[in-house]
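# Analysis of the macromolecular model
The chain contents come next:
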Amino acid sequence: MLSRITHLLPLELKAILERLPAQVQEQLEEIRIREGRPLEIGMAGQSRFAANDGTLLTQAGGAYKPTADLCRKLLERMTNYSLYAMEEELRRGFITVAGGHRVGLAGRTVLDNGSVRGIREIGAFNIRIAREVPGSATPLMPKLLDRSRKTIRSTLLLAPPQQGKTTLVRDIARSVSYGLWGGGDAASWAGRKVAIVDERSEIAACVRGIPTFDIGPRSDVMDACPKAEGMMMLLRSMSPDVIIADEIGRPEDGEAIREASHAGVSVIATAHAYDAEDARGRPVLRSLLEEGAFALIVELRRTPSGIMHRVLTAEACVRGWAAREPTAAVPRLAEDAAPLFSGLMRGDAMC
């Protein structure tokens, strides 16, 4: 996985990372570069510090410390030597580079009438390595099918950051587009037209409008477009059967999903939440679930054995919420939703 981003790295940083053990290089998920502070890497759900010779350390002492000059060179490479051209990305606090890799940024903000206009004096970077894992959605697909319409049911995928949402939703798009429904009575179903709103250019990793990840032959992508606007544009212009969006949560996202739902289009979306109970506390997500915009909820969890999933019906969760007293203790999962945990991947990291 390291080989996917080495072209973005200054030579000194590249040399250190290439000294890491081969297995660690393959499992890399994050590289955190902080000016004057220890170099930190994340792999397979764990965090370690890296010494100059590639040795992994559990404590910060002895770790390599990136210099101000290295951070300057890194920023220049990430922005293709044009900070001005990346003004919008800098305002949002991250840059998405070719390949779908997201680079988070931290530093001194520039304000305009109380709103963040950008970031300057950037002293911290978090490189999140994107990857495609064909087949990662295979165990899940049969549980999401709408057999009466021979398609996929509207589904909300929930998990905290770095639990595999984007990798999974990418493979769901690929599976639906190819018609890989998971066998059984669905084996003969045709693939469906998929429309992907890729606001952060992470799902399809488009370069000049062309996807670099395999998202299937029947998929269309609106790249670097706000989710709500992109969903409405695709709904009107591309006649999709399924719309896919990552990290929903704003009121305008909810309105666009309602429009798609009323038009008979299935929606597959992800959101940041620990589980269905956490989603209940987010007004937009709760409203969509209570209104029936999503039929299913999939909770993702990273474990030592790999990424696990559990499928719940939105209807059962909503009934459980309505049945509880306001002062009652809130369990982590709806009582009447049957647990369906199963291994989604083994040994492969997802981001």
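Reference entry: report on the structure contained in this document. Keep in mind the model is a prediction, meaning the values are calculated, not measured.

### Considering the side chain of serine 219
With respect to the helices and strands, the residue serine 219 is situated in strand β12 (residues 219-223). Of the residues examined, serine 219 reaches a relative accessible area of 13% and is grouped as buried. Within the structure, the side chain of serine 219 is placed 3.4 Å from the side chain of serine 177, a separation counted as a polar contact. Polar contacts involving the side chain of serine 219 include one to the main-chain carbonyl oxygen of isoleucine 215, which spans 2.6 Å. When near neighbours in sequence (up to four residues on either side) are disregarded, serine 219 contacts Ala173, Ser177, Val194 and Ile196.

### Concerning the environment of glutamate 229
Structurally, the position occupied by glutamate 229 is in helix α6 (residues 227-237). Taking the C-alpha atoms as reference points, glutamate 229 and isoleucine 248, 19 residues apart in sequence, are found 12 Å from one another.

### Examining the packing of aromatic side chains
Counting across every chain of the model gives one aromatic pair. Between the NZ or CZ atom of arginine 102 and the centre of the ring of phenylalanine 94, over which it lies, the distance is 4.9 Å. When the ring centre of tyrosine 274 is taken as origin, the NZ or CZ atom of arginine 301, which lies over that ring, is 4.2 Å away.

### Quick look at unusual backbone geometry
The phi angle at arginine 208 is positive, at roughly 55 degrees, despite the residue not being glycine. By secondary structure assignment, the location of arginine 208 is in the loop between β11 (194-198) and β12. Even without being glycine, alanine 224 reaches a positive phi, approximately 55 degrees. With respect to the helices and strands, alanine 224 occurs in the loop between β12 and α6.

Conventions adopted
Residues numbered from 1 in each chain as written. Predicted model: local features only at pLDDT ≥ 70, side-chain atom pairs only at ≥ 80, totals over all residues. Heavy atoms only, no water. Helix = DSSP H or I, 4+ residues; strand = E, 2+ residues; numbered from the N terminus. Buried < 20%, exposed > 50% of the residue type's maximum accessible area, 1.4 Å probe, protein only. Polar contact = N/O pair within 3.5 Å; in protein donor to acceptor, adjacent residues only side chain to side chain. Contact = heavy atoms within 4.5 Å. Phe/Tyr/Trp six-rings, centres within 6.5 Å; stacked < 30°, edge-to-face > 60°. Lys NZ or Arg CZ within 6 Å of the ring centre and 35° of its normal.

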